[in-house]
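These are the residues of each chain, in order.
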Amino acid sequence: MNGRQYMVDAEGRMVPLEIVKPQHKLEDEVVRREIFYAKDLSAQIGRFKGHVAEYLGSFDALIEQEYGATKGGRKGNRTYMSYDGLQKVVVQVADVIDFGSELQVAKALLDECMNEWTADSRPEVRAIITRAFNTDKEGKVNRSEIFMLLRLDIDDERWQRAMQAIRDAMRVVLSREYIRFYERAGIKDSWKAISIDLAKL
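What counts and what doesn't
Residues numbered from 1 in each chain as written. Predicted model: local features only at pLDDT ≥ 70, side-chain atom pairs only at ≥ 80, totals over all residues. Heavy atoms only, no water. 1 Å grid on protein atoms, 1.4 Å probe; cavity = no way out; pocket = protein on both sides within 12 Å on 5 of 7 lines; lining within 4 Å. Points joined across faces, edges and corners; volume = space filled by probe spheres on them. Helix = DSSP H or I, 4+ residues; strand = E, 2+ residues; numbered from the N terminus. Nonpolar A, V, L, I, M, F, W, Y, C, P; charged D, E, K, R; others polar. Pairing = 2+ DSSP bridges. Salt bridge = Lys/Arg side-chain N within 4 Å of Asp/Glu carboxyl O. Core = buried A, V, L, I, M, F, W, Y, C linked by side-chain atoms within 4.5 Å. Buried < 20%, exposed > 50% of the residue type's maximum accessible area, 1.4 Å probe, protein only. Contact = heavy atoms within 4.5 Å.

**Thoughts on the layout of surface pockets**
Right, on to step 1. A volume near 490 Å³ is recorded for the largest pocket.
Right, on to step 2. Taken together, 16 residues make up the lining of the largest pocket; nearest its centre are Ile 179, Arg 180, Ile 194, Ile 196 and Asp 197.
Right, on to step 3. Residue assignment for the lining of the largest pocket shows that the elements contributing at least two residues are helix H1 (22-67) and strand S5 (170-183).
Right, on to step 4. It is S5 that provides the largest number of residues to the lining of the largest pocket, a total of six residues.
Right, on to step 5. In terms of residue class, the lining of the largest pocket is built from ten nonpolar, one polar and five charged.

**Concerning the sheet that holds S5**
Right, on to step 1. Taken in spatial order, the four strands line up as S3-S4-S5-S6 in an open sheet, and their pairing is antiparallel. Each having just a single partner strand, strand S3 (78-81) and strand S6 (192-193) make up the two edges of the open sheet.
Right, on to step 2. In terms of strand pairing, S3 meets strand S4 (residues 87-99) through four bridges, oriented antiparallel. Considered in S4, the bridge of Tyr 80 is made with Val 89.

**Structural notes on the pattern of salt bridges**
Right, on to step 1. The tally for this structure, following the rule as stated, stands at eleven salt bridges.
Right, on to step 2. Here Asp 111 and Lys 107 are joined by a salt bridge, their closest N and O atoms 2.9 Å apart. Note that Asp 111 and Lys 107 are positioned in helix H2 (residues 102-117) at a spacing of four residues, about one turn of the helix.

**Here we look at the nonpolar core**
Right, on to step 1. Counting residues in hydrophobic clusters, the biggest one holds 23 residues, and the most contacted among them are Leu 103, Phe 133, Ile 146, Leu 149, Trp 159, Met 163 and Ile 166.
Right, on to step 2. If you list the elements that add at least two residues to this core, you get H2, helix H3 (123-133), helix H4 (143-151) and helix H5 (157-169).
Right, on to step 3. The biggest single contributor to this core is H2, with seven residues.
Right, on to step 4. Beyond its immediate stretch of four places on either side in the chain, Leu 149 contacts Leu 110, Ile 128, Ile 129, Ala 132, Phe 133, Trp 159, Met 163 and Ile 166.
Right, on to step 5. Listed in part, the six residues of the second largest apolar core include Leu 56, Tyr 80, Val 91 and Phe 181.

What follows is the structure, encoded as structure tokens:
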């Protein structure tokens, strides 16, 4: 600008280049370079994921056309294997579960049980129930603790009704599909994941 070079700071101010500290210039350069490569890699992974989904979908359509059956289980999980058994692609479908209003009925029934069992109820059970129905910042209940309640074997009729209410409250709100890649050196060797997750590389 007007023959002078500036850098824009975090508050949107134009700072003359000559008064910006060298380490800040270098850090800016490093960050911008790595973000450029990260965005390019992210775009490549996006294209790769689309390519894999398209090719597997085409293969599934071919199998269905040929044999009148779809590949995979009831939930859509599928495994594709190389002829030599040394490489495979696994597609896993994970359901995201939320809970409906029946959960409040379950909570009321469990509160009845806890109030009646107060004298001799195990503190572990009370703690699990408390944790299960405590909500997080987004107002969501603790799903893993709710599922832990379902594993407890308690004969009380109200408890059983509460567990049924929890099951009835479960709603699959969406499904996420994960594609994973594996290979092994020999038939007797363990599978090793081909990681595309930066944290695991």
